[in-house]
Amino acid sequence: MVILALAFSAASLWPGHAESPAVRNCTWCHAGQGYGPAPRLAGQQAQYIEKEIMDFRAHIRDNPFSMQYMWGATAALSPETAHSLAIYFSELLPQAADDGMTDIVATGRSIYQDGIAESDIVACVACHGPNGEGVGEIPRLGGLAYPYMKRRLEQWGE
Amino acid sequence: MDLRVRRSKTAPPNEERGRRLRSVVGLVLALQVGILAFAFAVTGRTGDAATVVASRHGVDGKLEYCLECHGASGQGYHGFYPIPRLAGQQTKYIENQLYAFIERRRTNSIMFNVAHVLSPAMVAGLAEHFRSLSPGPIGDGPRGLVKAGEQIFQNGIPDANVAACSACHGPDGTGNDQIPRLAGQLYPYLVKTLANWAIERGQKPANPDTSAIMKPVAHSLNKPQIEAVAAYISYLK
């Protein structure tokens, strides 16, 4: 754990990366555990981050917090900068939030691994992977904060 | 000239009338039974599982669920695991595979969970519907391997006792009856399937199935050959 923490902090001090204005504009909210409604980005799939930045910028992703925070945050980002930011965050070591209620984890695991065929609910694992790591444009879910995941799932259902 | 048409020159008149009457009655009865069977089949009221047809609404709803993983038009999807193309697949093959998942002759926990809630009518309805989908292939194999793959697909590997794939799967890879369509299948799915044949298929030795026919083929192919033939197949329309 200590080594991980050291490695994480070392990555954050990388000259020209963590100190660059573009990155610091993100890490105000998205560093470490995330802040408020902002999800953590460390270890997120690069292609996913890049796609979401462009979707925020084009006002395609339009949930309330997206509009309030991300539209402004991404307005001045070029595709090249989005690409660099995506790679930067994807290479940071992910740290799990571990903030869900432990008594419902078993149920959650069952839904994640097996889905609920009777209700036409897909098994998340098929796309998001056995450890929630994601792949390509499919996002990492593993380690995201409980309140964030819950809100996003409820938004999908709307 | 006598223009009357005589049906029978030898049978006495009453016997002839009796024969005609029976054939007419038989036809009418057959027609009535046919209409009733059709009506019952459409409303799904017959008790016999083999003749129950799932209502269109039920199949369409479940189909949407399948397509969430298998691609909006059944073309397959690159999830964390490669999810195979079902579009244009042989009806009998899909049915066989769904039952293989249910009976765990083919091991896949995601597909077992999905399949074991399906009624026989639903299995048949879904299998039939996938057959009718026809998106183009995703086409994801390494282009450089296609030529070598075509060689193997069309001519086999005589030295390794491997028959040409085309011999059973057809020169265009569209399969026939129980033999699956391969055309347009996802490259990573084909590679994984051939490499893992012995540990995924035919897992109930007491209940052997048609997967046995591919076991020696999959075993005899080495990794470069699998990758080549998979690349070629991934572009077939």
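Parameters and conventions
Residues numbered from 1 in each chain as written. Chains lettered and ligands numbered in written order. Predicted model: local features only at pLDDT ≥ 70, side-chain atom pairs only at ≥ 80, totals over all residues. Helix = DSSP H or I, 4+ residues; strand = E, 2+ residues; numbered from the N terminus. Buried ≥ 20, exposed ≤ 12 C-beta atoms within 10 Å, placed from the backbone. Contact = placed C-beta atoms within 7 Å. Domains from an automatic or database assignment. Nonpolar A, V, L, I, M, F, W, Y, C, P; charged D, E, K, R; others polar. pLDDT = per-residue confidence, 0-100.

Q: Honestly, the overall build of chain B in this entry has me stumped. Any pointers?
A: For chain B, the count of helices and strands is 11 helices and two strands. When the helices and strands of chain B are placed in sequence order, the string is α-α-β-β-α-α-α-α-α-α-α-α-α. Looking at the 237 residues of chain B, the share that counts as buried comes to 28%. A separation threshold of at least 6 residues defines the contact pool for chain B, and within that pool the share at least 24 residues apart is 68%.

Q: I would appreciate a short explanation of the overall build of chain A in the present structure.
A: Along its length, chain A carries eight helices and zero strands. What you see in chain A, going N to C, is helices and strands ordered as α-α-α-α-α-α-α-α. By the burial criterion, 22% of the 158 residues in chain A qualify as buried. Here the contacts in chain A between residues at least 6 apart in sequence split such that 63% fall between residues at least 24 apart.

Q: Please explain the environment of Gly34(A) as it appears in this structure.
A: All names here are of chain A. Residue placement: Gly34 occurs in the loop between helix H2 (21-30) and helix H3 (46-57). Look at Gly34 and you get partly exposed, because 18 C-beta atoms sit within 10 Å. For the pair Gly34 and Glu154, spaced 120 residues apart in sequence, the C-alpha to C-alpha distance is 20 Å.

Q: Would you mind going over the domain arrangement of chain A with me for this structure?
A: Many structure descriptions define interface size as the accessible area lost when the parts assemble. All names here are of chain A. Taken domain by domain, chain A comprises domain 1 (2-90) and domain 2 (102-156). On the side of domain 2, 12 residues touch domain 1, which itself brings 10 residues to the contact. Of the residues assigned to the side of domain 1 that touches domain 2, the class counts are two nonpolar, six polar and two charged.

Q: Explain the interface of chain B and chain A to me, please; I cannot follow it from the model alone.
A: Across the boundary between the two partners, chain B contributes 13 residues, which contact 15 residues of chain A. With four residues, helix H4 (residues 109-115) of chain B is the largest single contributor of residues to the side of chain B that touches chain A. Partitioning the side of chain B that touches chain A into residue classes produces eight nonpolar, four polar and one charged.

Q: Explanation requested: the environment of Glu150(B) in the structure shown.
A: All names here are of chain B. With respect to the element layout, Glu150 can be found in helix H6 (residues 146-155). Classification of Glu150 as partly exposed rests on a count of 18 C-beta atoms within 10 Å. The sequence separation of Glu150 and Arg181 amounts to 31 residues, and the corresponding C-alpha distance is 16 Å.

Q: In this structure, what is going on with the confidence of the model for chain A? I would like to understand it.
A: For any part of a model where pLDDT is low, the fine detail of the predicted coordinates should not be relied upon. Residues and elements named next belong to chain A. Taken as a whole, chain A shows an average pLDDT of 89; of its residues, 89% reach a score of 70 or greater. When the elements of chain A are averaged for pLDDT, helix H1 (residues 2-12) gives the smallest value, 55, and H3 the largest, 97. Predicted confidence is poor over residues 10-16, with pLDDT under 50, and the contacts of this stretch with residues over four places away or in other chains come to three contacts.

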